[in-house]
Amino acid sequence: MFSRSARLYDAIYASIRDYPREAAALNRLIQEHRPSARTLLDVACGTGAHLEHLSGYEVEGLDLDPEMLAVARERLPDVPFHEGDMVAFDLGRRFDAVVCMFSSIGYVRTEERLRSAIGSMARHLKPGGVLVVEPWLTPEAWQDGHVGAVFVDEPELKIARINAAEREGNLSWFEFEYLVGTPDGVEHFTERHELGLFTVEEYLGAFGAAGLEAEHDPEGPMGRGLYVTTAT
């Protein structure tokens, strides 16, 4: 999904996400639910930007995109990173905390795959372990026709990423149009991203199907909400 833009990802999202602040808030949340937490798995870890600031844990990362993982491994060469699909993965161990941030859960696209992904994460929790999931938008929060744009203006890197948001039923999708300028020239390419629009009830049902009772914070890091649960 981000294969062509992986090397641009951190520059694009530097103006959107405050990773040190979010990691600090995530740490407080984990410690509130499991003060003894020492091991942490980041599912859909991307370039490892959250993990970079979670230094108090023994961390690992999982992502489907090998190009994103290549950036993460450069950033954190001593951290184990695994290539795999959040819908069905087995790392052969359990963690005190499992997190899935930045609405990555939306990429599962269907409710059936949502339940499978939450189930996979739940199976990687130690007893008493905490699971934190930041959702994508709900169907009610979706805005048809929304036009998004991100611009990067660095001395040797100029990026314009523009998209119009579209929807088919409960599937949202974007055609991200990239215009990238470097000293080597100007490049244009397109990436398509599809994310499922799930209701709060569908998220809570997915946690329930995995034997978990989740708390729902409707705000979360950037207004999309947050789900937190502890394994028994």
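Up top is the structure these notes are about.
Residues numbered from 1 in each chain as written. Predicted model: local features only at pLDDT ≥ 70, side-chain atom pairs only at ≥ 80, totals over all residues. Heavy atoms only, no water.

Caption draft 1: Up close: the pairing of strand 5 (residues 125–133). As judged from the 5 bridges shared by strand 4 (residues 95–100) and strand 5, these two strands associate in the parallel manner. Paired with Cys100 across the strands is Val133, a residue of strand 5. With respect to chirality, the unit in which strand 4 leads through helix 4 (residues 111–122) into the neighbouring parallel strand 5 is right-handed. Relative to strand 11 (residues 226–230), strand 5 runs antiparallel, the two sharing 4 bridges. From the neighbouring strand, Val133 faces strand 11, where its bridge partner is Tyr227. (Pairing = 2+ DSSP bridges. Helix = DSSP H or I, 4+ residues; strand = E, 2+ residues; numbered from the N terminus. Right-handed = clockwise from strand over helix to strand, strands pointing away.)

Caption draft 2: Local environment of the side chain of Ser104. Within the secondary structure layout, Ser104 lies in the loop between strand 4 and helix 4. A polar atom in the side chain of Ser104 sits 3.0 Å from the backbone oxygen of Met101. Apart from residues lying up to four places away in sequence, Ser104 is in contact with Ala44, Met86 and Glu134. (Polar contact = N/O pair within 3.5 Å; in protein donor to acceptor, adjacent residues only side chain to side chain. Contact = heavy atoms within 4.5 Å.)

So, to be careful, I would describe these as geometric facts and stop short of saying anything about function.
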